[in-house]
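Tertiary structure, described
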Amino acid sequence: MRRASRRLVTRVIATALTAVAVFAAAGSGVAAAAVDGSPTEPAADASPGADAGGLWFAPELDWGADAPEGYARRLGETPPAYGIRLAYPLDAAAERGWQRAATAAAAQGAALILTFEPTTDLDELTAADARALADTLDRVHAAYGTEQRVRFAPEMNGSWVRWGQQPTAYVRAFETVADAVHAGSSGAETVWVPSYGAGYPFDRADGRLDDLSARDERTLDTDADGLLTEADDPYGPYFPRADAVDRVGLTLYYFGKGEAAAAAGRGVPLEHNDAPESGEVAQRLAERWGYTVAQPQSFTERFARPDRPMAIDTGALFDPARAGDDELSVKRGWWQQVLNELPAHPHIDTVSWLEVERVEAEAGGAEADWRATADPRVAQALRADLVATGRFAWAPVTPPVTADEGLSSHSPLTEPAGSERPTVAAWTMAGAAIALVMALAVSRLLPRWRYRHEAHERDLRLDVVRGVAIAGGVLAVLASAGPLTVASQAVLSVTGAELFVAISGIVMGLGYRRRLDALGVGDSLARGWRRAGRLYAVTLSVIVAVFAVGFLPFLDTTTVTTLTDPSTGRVYDLYPNAERLLDYPPPWYAVRDLLLLRMSPWPIVILGLFIALALLAPLFLALLRRRLWWVVVAVSIAAYAMSIALPDAILLPTAFDAVYPLLAWQLPFVLGLVVGYHRAVISRLLRRPGGMTVATVIVLAWAAAAITGVTAPVLGVITPSAPGGLDLMRLGDSAVLLAVALAVLTAVWVPVDRVWRAVWVPLGQASLAVFCAQLLLLILIASVPALDVDDPLVATLVATGGLLALWLLAIALRRRAASRVTPH
């Protein structure tokens, strides 16, 4: 029997190690390539400023169907910049798109190339519109340190855009935007980007050229022959004041037709896909391809210079519905020509590639594919050719800003400079010492008030403490200025997270001791893992539900799906790549983020920790069953010590590990597990002569040390940078607070049972449901604009009403026995 038990424990440990390996592999993305066909992983050894001075390769994404993480995985490298097109003047959709792009690019340390497309007539654009754009540039740069380039109304010499071929209004609008940008603090650069001029003035733009003002006619008629023809300058009339232009660019798109007569803007239909003719890019950069009238100088010679670098905006059109050359031949044939010309044109420092699918007039109104990474074979070829040049830099170009950083900086245990937590904790410990002395006195004077274990199937004292902790947690999440929050912080020493974790361990130790005795090790382990599975399913369901609710126009879920740093304005998106889940099929990286709980509302991030602990708990319980409690304690302490000495040794690919690192936060849980499992033994020790006296002296000594300020400097030396803020002083405070709370409840249970049981026990027993329901409470509060939760009176009323609603929910679940459906 002992041998069989030993084999079972061995299998359990082996299974756990295998699960951890698979979990880590999923997080690192090793499995992703096999699923989504990604050729390679993005380079992992890049650092801010890597290959400084190198060329930029910057894809312009379709942000409604793609994201930087997906692109980087497909290419196998992380670009230093991404392009996005936004409406101008800025509207709500443009602001949201900009914010989403800024957050995603900042996570990679990449820059943004912003293309602003006027949605109204150029004459209607105002200086106020430009200042609004500049203000957003400033905010994004201040929040993320992101480098930004502003491409205002590109291809202005073309006939296919509503702002095209209006030189006077365009130059005025560009200069207005440039002046506002340069007056700001973002350091953003302006980029002037006409279209390659062969075929100019292109088609007649629905009569626009027939309605030119006399001034525009004179401006565009550069050869003064009274006509607008190919002999006129396709660029000069649109060039703004020199100091308004920091960079220039030129669009050199290949339309898949393989002939000079098919220049942009000419009505030559695409009949089949043709690879580009040799030397076409070189001829374009020399301003010789497709012109019927020779040009005296090239675009590069006229406008690019050492202090005014040049970008090439390019791409190769491919229509998969048409015959001809294959996609790789068309697209690689084009980008190789572009790359081959870079050494001869040192002013070119950026190559932007159009990474979209869209309907093109050049393709006869069909949807054409400009992307270079959708097909893994094409993506592999692109990466190989880019790397082979040895000229391109890769991200990060600025320090990455990730959601993990936001979560860790907004952890309830993160203490800002000048925090008063040690002072608050000292007062709390003083109160705890007084409460303990009074409880001991009451226990002797009124023994009939004592808690009787035999009278209750479960330990209701733990339910009361857990109910208080969950209420304090809800108040902390509300972050209001009301007195309820202040009171909860005083009682819980700022946060009740440690208490909640420790109590969970105690409760599990208590419950599984009975199960192990009744069912044996095997069945108990299976039940423990099923419980972890149910908790995971509930958490996953809540995450998906919040994502779905976010599409309702009258509810604001950003209050729980994002975090905003009030000092910098930095917005952390806690649902990275969530919109990609709506793609068909959804990309693996988005599914991975969901399954690994990397998408999570910040108030319930800690549930990921409980899932991990629930998976580990059966292993520890199996060891406790074999009376190896000392092994469990030693392993737990060693893991905590490792989290301090080697904080990056084990990083789980989940959101919770940034706030509640598993190596550190397992300690209160495991110690609670041991205490709960051996409650009977501990109770006997305390009942022995001197047992309670020793415990009381320890508590009072700790409280005295906290009050006199001894614990902070002493333990601060031992745990100078405890992961997740869980230092030894906080652990000691929590242990003392929990011990005193249980002692007080034991001594005065009868009056507590009569007055407070109906309040705290339901909250404690339905803690998971209450914890999840607080999300709805936060969303509803954020969706009512009239609520000013910074007002103490309003905050108190809102907090009181919210706690009352959660208590009623707990009562309803208890009465209907619905709490059995979900794990506690």
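Structural notes, computed from the coordinates. Model, not experiment: these values are computed from the prediction.

Some points on the packing of helix α14 (residues 460-478) against helix α31 (residues 792-815)
- Contact geometry for α14 and α31: axes closest at 11 Å, N-to-C directions at 140°. Our classification of the angle between α14 and α31 gives oblique. Of the two possible hands of crossing, α14 and α31 adopt the one that is right-handed. Across from Ala471, Val474, Leu475 and Leu478 in α14, the residues of α31 making contact are Ala799, Leu803 and Leu806.
- A per-class count over the contact of α14 with α31 returns 7 nonpolar, no polar and no charged.

Things to note about helix α11 (residues 376-389)
- Over its 14 residues, α11 runs 20 Å from end to end, which matches the ideal 20 Å to within 8%, given 1.5 Å per residue.
- Every buried residue belonging to α11 is among Val378, Ala379, Ala381, Leu382, Asp385 and Leu386, and all of these are buried. The arc that holds every buried residue of α11, seen down its axis, measures 165°, which confines them to one face.
- Packed against the buried residues of α11 are β1 (56-61), α3 (68-75) and α10 (327-341).
- The opening residue of α11, the one whose side-chain oxygen lies 2.8 Å from the backbone nitrogen of Arg377, is Asp375.

With respect to a positive patch on the surface
- On the surface, a cluster of positive charge is made up of Arg514, Arg515, Arg527, Arg530 and Arg534.
- At the level of secondary structure, the elements contributing two or more residues to the positive patch comprise α16 (497-519) and α17 (521-549).
- If you trace the backbone, Arg527 turns up in helix α17.

Regarding empty space enclosed by the protein
- Throughout the structure, instances matching the rule amount to 10 cavities of 30 Å³ or more.
- Put simply, the second largest cavity is a space of about 80 Å³.
- What lines the second largest cavity is a set of 14 residues, and nearest its centre among them are Ala58, Glu60, Arg151, Asp313 and Ser352.
- When residues of the lining of the second largest cavity are traced back to their parent elements, those giving at least two are β1, β2 (81-88), β3 (111-118), β7 (310-316) and β8 (348-355).
- Each residue belonging to the lining of the second largest cavity can be placed in one class, and the counts come to 7 nonpolar, 4 polar and 3 charged.

A closer look at the environment of Asp727
- Here Asp727 shows up in the loop between α26 (711-718) and α27 (728-747).
- For the pair formed by Asp727 and Ile644, sequence separation is 83 residues and the distance between their alpha carbons is 9.3 Å.
- Only 3.3 Å separates the side chain of Asp727 from the backbone nitrogen of Met729, close enough to count as a polar contact.
- A polar contact is formed between the side chain of Asp727 and the backbone nitrogen of Arg730, at a distance of 2.7 Å.

Here's the deal with a nonpolar patch on the surface
- Judged by side-chain polarity, Val675, Ile682, Leu686 and Met692 come together as a nonpolar surface patch covering roughly 280 Å² of accessible area.
- When its relative accessible area of 38% is taken as the criterion, Met692 is described as partly exposed.

Some words on the packing of α3 against helix α4 (residues 92-108)
- Two numbers describe how α3 lies on α4: the axes approach to 9 Å, and their chain directions differ by 40°. By the angle between their axes, α3 is oblique relative to α4. Together, Pro68, Glu69 and Ala72 of α3 and Ala104, Ala105 and Gln108 of α4 make up the contact between the two elements.
- Its residues assigned to classes, the contact of α3 with α4 shows 4 nonpolar, 1 polar and 1 charged.

A word on the side chain of Asp463
- Along the chain, Asp463 turns up in helix α14.
- By relative accessible area, Asp463 is classed as buried at 1%.
- What Asp463 contacts, discounting residues up to four positions off in sequence, is Arg458, Trp760, Val761, Gly764 and Gln765.

A closer look at the pattern of salt bridges
- By the definition in use, this model includes 36 salt bridges.
- We note a salt bridge from Arg383 to Glu77, for which the minimum N-O separation is 2.8 Å. Here Glu77 lies in the loop between α3 and β2 and Arg383 lies in helix α11, a separation of 306 residues in the sequence.
- We classify Arg383 as partly exposed; its relative accessible area is 27%.
- Overall, the relative accessible area of 6% leaves Glu77 in the buried class.

Examining the packing of aromatic side chains
- Under the defined criterion, the tally for this structure stands at 31 aromatic pairs.
- Ring centres of Phe500 and Phe610 lie 5.8 Å apart, and the angle between their planes is 80°; this geometry places the pair in the edge-to-face category. Highlighted residues: Phe500 in helix α16 and Phe610 in helix α20 (residues 606-625), separated in sequence by 110 residues.
- Here the aromatic rings of Phe547 and Phe551 are separated by 5.2 Å at their centres, their planes lie at 75°, and the arrangement is edge-to-face.
- Take Phe547: its relative accessible area is 18%, and that puts it in the buried class.
- Clustering of aromatic rings is evident, with ring pairs tying together Tyr88, Trp98, Phe116, Phe152, Tyr170 and Phe174.
- The residue whose ring lies beneath Arg284 is Trp289, and the NZ or CZ to ring-centre distance is 4.2 Å.

Some thoughts on helix α21 (residues 629-645)
- With 17 residues, α21 should cover 24 Å at 1.5 Å per step; its first-to-last C-alpha distance of 24 Å lies within 8% of that length.
- For α21, every residue scored as buried is listed here: Val632, Val633, Ser636, Ala639, Tyr640, Ser643 and Ile644. What you see down the axis of α21 is that its buried residues fit within an arc of 145°, all on one side. Exposed residues on α21 whose side chains face more than 90 degrees from its buried face are Trp630 and Ala645.

Some points on the nonpolar core
- Ranked by size, the top nonpolar core spans 173 residues in total, and within it Phe116, Phe152, Tyr170 and Trp192 carry the most contacts.
- Ranked by residues supplied to this core, first place goes to α20 with 12 residues.
- In this structure, Tyr170 is in contact with Leu122, Phe152, Ala153, Met156, Trp192 and Tyr238, ignoring residues within four places of it in sequence.
- Ala439, Ile506, Val740 and Val752 belong to the second largest nonpolar core, which has 29 residues in total.

Reading the values: the criteria
Residues numbered from 1 in each chain as written. Predicted model: local features only at pLDDT ≥ 70, side-chain atom pairs only at ≥ 80, totals over all residues. Heavy atoms only, no water. Axes fitted to C-alpha atoms, helices over the stretch in contact; angles between N-to-C directions. Helix = DSSP H or I, 4+ residues; strand = E, 2+ residues; numbered from the N terminus. Parallel < 35°, antiparallel > 145°, perpendicular 65-115°, else oblique. Left-handed = near helix turned anticlockwise from the far one by under 90°. Contact = heavy atoms within 4.5 Å. Nonpolar A, V, L, I, M, F, W, Y, C, P; charged D, E, K, R; others polar. Expected span 1.5 Å × (residues − 1). Buried < 20%, exposed > 50% of the residue type's maximum accessible area, 1.4 Å probe, protein only. Arc of directions from axis to C-beta. Polar contact = N/O pair within 3.5 Å; in protein donor to acceptor, adjacent residues only side chain to side chain. Patch = residues over 30% accessible without salt bridge, like charges linked within 9 Å, V, L, I, M, F, W, Y side chains within 5 Å. Areas by Shrake-Rupley, 256 points an atom, 1.4 Å probe, with all protein chains shown as cover. Salt bridge = Lys/Arg side-chain N within 4 Å of Asp/Glu carboxyl O. Lys, Arg positive; Asp, Glu negative; His and termini not counted. Charge placed at Lys NZ, Arg CZ, Asp CG, Glu CD. 1 Å grid on protein atoms, 1.4 Å probe; cavity = no way out; pocket = protein on both sides within 12 Å on 5 of 7 lines; lining within 4 Å. Points joined across faces, edges and corners; volume = space filled by probe spheres on them. Phe/Tyr/Trp six-rings, centres within 6.5 Å; stacked < 30°, edge-to-face > 60°. Lys NZ or Arg CZ within 6 Å of the ring centre and 35° of its normal. Core = buried A, V, L, I, M, F, W, Y, C linked by side-chain atoms within 4.5 Å.

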